Amino acid sequence: MTAAVEFHNVSRHFGTVRAVDRVDLAIDEGSFFAMLGPSGSGKTTCLRLISGFEKPTTGSIRIFGEDMGDVPPNRRHVNTVFQDYALFPHMNVRDNVAYGLMVKGVERRTRHERAEELLSLVKLDGFGERKPAQLSGGQRQRVALARALVNEPRVLLLDEPLGALDLKLREAMQDELKALQRRLGITFVFVTHDQGEALSMADRVAVFNDGRIAQVGTPSDVYDRPATRFVADFVGSSNVLPPDLTRSFGGPRLWASLRPESIRFTGASDPKAKGRVTALRYLGSGTRVALETGGQEIAVLVPAGAPVPDIGEVSGLTWDPAALHLMEDA
Ligand code: ATP
């Protein structure tokens, strides 16, 4: 299968800042790909490199196998949906959506028909005459999506497109975006700093740290099998154990992660570890118990209905040995 987008040892420097640092990447055609990472880790710069608004300092980018070295943004079959939507306030919704066709010189009737089709696709039938100011945040987001799709891009770039929406709408739009991507079969590259969003929507996730990719994999790869300490910290709610503690927990002297839901309290006389309860947090679906063990805090998730120890109590802990996941120190 051809990759939709490939980065070959791509760097982008701004003065002394290495915004993107020696990145190799292949994004499968027709997939939903998330770029996840903290603020300033290089995600947006990567999107801009794909769209052509930014050029690599070194390295090369291919889109559907073609080297993009001299290809301007408007010839890349790529479009972008921005977080602030960038709609034209004076134009109605239909003209906003049809804008890309107008620029291409498509005649008025065809543009309008196509705009109406796209409005229907994003469930905004009948909204064509409204101005952006007369729409809710979620509706504006859909207009921005329709507008970005009107030129039939082969790759759609989405830069924190749900960032301005409240949590409930955000979750609804996550499901809609995923469904739309499946239906259209085009490649979506989605930037977010929200790990839940990346894990719930993407087929594959690249976790960025400081201009570099710390790990690329399926949501389960990065959540259940984080390659590095950074990934475990950023993506999961795992306990991240320093080498000495891993060793006292029966593993080799390496960094490891151990998920709170993998640990159980035990009354056995030879538990794997013992901890003193320092805090309890009721979550509805269970209780998160913080314990101090070997100078380190570790969390245990107790499912609803199971007994919860008291603060100050010393409890034995156990887990399946396979739950101790070893990592690189990075
Ligand atoms: P955010 O989630 O906050 O948008 P990001 O992961 O998208 O962050 P980038 O916007 O790609 O990060 O920025 C990566 C680094 O490059 C940052 O340190 C940023 O300040 C720097 N940077 C980005 N664009 C420029 C520019 N045009 N000039 C100078 N520095 C830049």
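Residues numbered from 1 in each chain as written. Predicted model: local features only at pLDDT ≥ 70, side-chain atom pairs only at ≥ 80, totals over all residues.

S.K.: For this particular structure, what's the right way to read the packing of helix H2 (residues 93-103) against helix H3 (residues 108-121)?
M.R.: Each packed pair of helices is defined by two parameters, the angle between the axes and the distance between the axes. Between H2 and H3, the shortest axis-to-axis distance is 9 Å and the interhelical angle comes to 120 degrees. Judged by the inter-axis angle, H2 sits oblique to H3. Seen from above, H2 lies across H3 with right-handed handedness. Where H2 abuts H3, its residues Val 93, Arg 94, Val 97, Ala 98, Leu 101 and Met 102 lie against Arg 111, His 112, Arg 114, Ala 115, Leu 118 and Leu 119. A per-class count over the contact of H2 with H3 returns eight nonpolar, one polar and three charged. (Axes fitted to C-alpha atoms, helices over the stretch in contact; angles between N-to-C directions. Helix = DSSP H or I, 4+ residues; strand = E, 2+ residues; numbered from the N terminus. Parallel < 35°, antiparallel > 145°, perpendicular 65-115°, else oblique. Left-handed = near helix turned anticlockwise from the far one by under 90°. Contact = placed C-beta atoms within 7 Å. Nonpolar A, V, L, I, M, F, W, Y, C, P; charged D, E, K, R; others polar.)

S.K.: Honestly, the sheet that holds strand S11 (residues 239-241) in this entry has me stumped. Any pointers?
M.R.: Whenever strands of a sheet pair, they do so through backbone hydrogen bonds, lying parallel or antiparallel. An order of S11-S12-S18 is seen for the three strands of this open sheet, with the pairing classed as antiparallel. Edge strands, defined here as strands with exactly one partner in the open sheet, are S11 and strand S18 (325-327). Strand-to-strand, the axes of this sheet are offset by a mean angle of 30 degrees, without reference to chain direction. Where S11 meets strand S12 (residues 255-258), three bridges bridge the pair, whose relative direction is antiparallel. Bridge assignment links Leu 241 to a residue of S12, and that residue is Ala 256. (Pairing = 2+ DSSP bridges.)

S.K.: How should I be thinking about helix H5 (residues 167-184) in this particular structure?
M.R.: Owing to its 3.6 residues per turn, the α-helix brings residues three or four apart onto one side. Relative to the 26 Å expected for 18 residues at 1.5 Å per residue, H5 spans 25 Å between its end C-alpha atoms, a close match to the ideal helical length. What H5 keeps buried is the set Met 173, Leu 177 and Gln 181. One face of H5 carries all of its buried residues, which in axial projection span an arc of 75 degrees. For H5, exposure combined with an orientation more than 90 degrees from the buried face picks out Lys 168, Asp 175, Ala 179, Arg 182 and Arg 183. (Expected span 1.5 Å × (residues − 1). Buried ≥ 20, exposed ≤ 12 C-beta atoms within 10 Å, placed from the backbone. Arc of directions from axis to C-beta.)

S.K.: Mind showing me how you'd approach the confidence of the model for the protein chain here?
M.R.: Close inspection of predicted coordinates is inappropriate in any region flagged by low pLDDT. Averaged over all residues, the pLDDT of the protein chain equals 92, while 99% of them reach at least 70. Interface confidence in the predicted complex, given as ipTM, is 0.94; pTM for the same model is 0.87. (pLDDT = per-residue confidence, 0-100.)

S.K.: In this structure, what is going on with the site of the ligand? I would like to understand it.
M.R.: In the vicinity of the ligand, the residues found are Phe 14, Val 17, Ala 19, Gly 37, Ser 39, Gly 40, Ser 41, Gly 42, Lys 43, Thr 44, Thr 45 and His 193. By residue number, the principal contributor to the shell around the ligand is helix H1 (residues 43-51), which donates three residues. (Near = placed C-beta within 6 Å.)

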